[in-house]
Amino acid sequence: IHNTKSLLHLAGESIGEVQRVKLVANRVGGRTEFGPADLRTATGSEIYHQLPEDLANAAGSLNSGRPLVLEAPNSALAKSLVGLADKMTQELATS
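The present account deals with the structure reproduced in this document. This structure is a prediction, so every number in the text was calculated from the model and none was measured.

### A short note on the overall build of the protein chain
For step 1, the next point in the chain: Secondary structure summary: the protein chain contains five helices and two strands in total.
For step 2, the next point in the chain: Overall, the protein chain shows an N-to-C arrangement of helices and strands of α-β-α-β-α-α-α.
For step 3, the next point in the chain: Taking the principal axes of the C-alpha coordinates as reference, the protein chain spans close to 40 × 35 × 20 Å.
For step 4, the next point in the chain: For the protein chain, buried positions account for 20% of its 95 residues.
For step 5, the next point in the chain: Of the contacts made within the protein chain by residues no fewer than 6 positions apart, 49% connect residues no fewer than 24 positions apart.
For step 6, the next point in the chain: Carbon and sulfur atoms provide 55% of the accessible area of the protein chain, an area that totals close to 6800 Å².

### As for the packing of helix α1 (residues 2-15) against helix α2 (residues 36-43)
Each pair of packed helices can be described by the angle between their axes along with the distance between the axes.
For step 1, the next point in the chain: It is at 9 Å that the axes of α1 and α2 come closest, and there the two elements cross at 50°. The angle between α1 and α2 falls in the class oblique. As α1 packs across α2, the resulting crossing turns out to be right-handed. Between α1 and α2, the residues in contact are Thr4, Lys5 and Leu8 and Leu39, Ala42 and Thr43, respectively.
For step 2, the next point in the chain: In terms of residue class, the contact of α1 with α2 is made up of three nonpolar, two polar and one charged.

### Regarding unusual backbone geometry
Backbone phi values are negative for most residues with the exception of glycine, while trans is the configuration of most peptide bonds.
For step 1, the next point in the chain: The phi dihedral of Arg27 is positive, around 60°, even though this residue is not glycine.
For step 2, the next point in the chain: Judged by its relative accessible area of 41%, Arg27 falls in the partly exposed class.

### Here's the deal with the pattern of salt bridges
For step 1, the next point in the chain: A complete count under the given rule lists four salt bridges for this structure.
For step 2, the next point in the chain: In this structure, Arg40 and Glu46 form a salt bridge, with 3.8 Å as the shortest nitrogen-oxygen distance.
For step 3, the next point in the chain: We classify Arg40 as partly exposed; its relative accessible area is 30%.
For step 4, the next point in the chain: Judged by its relative accessible area of 62%, Glu46 is exposed.
For step 5, the next point in the chain: Ionic pairing is found between Arg66 and Glu71, a salt bridge with its closest N-O pair at 3.3 Å.
For step 6, the next point in the chain: The exposure class of Arg66 is partly exposed, given its relative accessible area of 41%.

Here is what the cut-offs are and how they apply
- Residues numbered from 1 in each chain as written.
- Predicted model: local features only at pLDDT ≥ 70, side-chain atom pairs only at ≥ 80, totals over all residues.
- Heavy atoms only, no water.
- Helix = DSSP H or I, 4+ residues; strand = E, 2+ residues; numbered from the N terminus.
- Buried < 20%, exposed > 50% of the residue type's maximum accessible area, 1.4 Å probe, protein only.
- Contact = heavy atoms within 4.5 Å.
- Areas by Shrake-Rupley, 256 points an atom, 1.4 Å probe, with all protein chains shown as cover.
- Axes fitted to C-alpha atoms, helices over the stretch in contact; angles between N-to-C directions.
- Parallel < 35°, antiparallel > 145°, perpendicular 65-115°, else oblique.
- Left-handed = near helix turned anticlockwise from the far one by under 90°.
- Nonpolar A, V, L, I, M, F, W, Y, C, P; charged D, E, K, R; others polar.
- Salt bridge = Lys/Arg side-chain N within 4 Å of Asp/Glu carboxyl O.

By themselves, these are just geometric observations and shouldn't be taken as functional.
Below you can see the structure in the form of structure tokens.
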């Protein structure tokens, strides 16, 4: 989490627009010490999007050499990735 906070700060400084840097929480809901609330508190940033933990489908996609959204399109992770892409596309279209 500390590295994330530092990276957000550096990325914001390098592009000059901190609001353009988005925080995406990965592996949410898995067995971790930290959750999204901890990340939000530590970084002082809102979480733009959350990707659920889905090691089985992620590994299957990696092992098959196929994108997750094609290998397991109905998985929660694939749906969340599509949702992230849609959200970013909509923001770009309206900016």
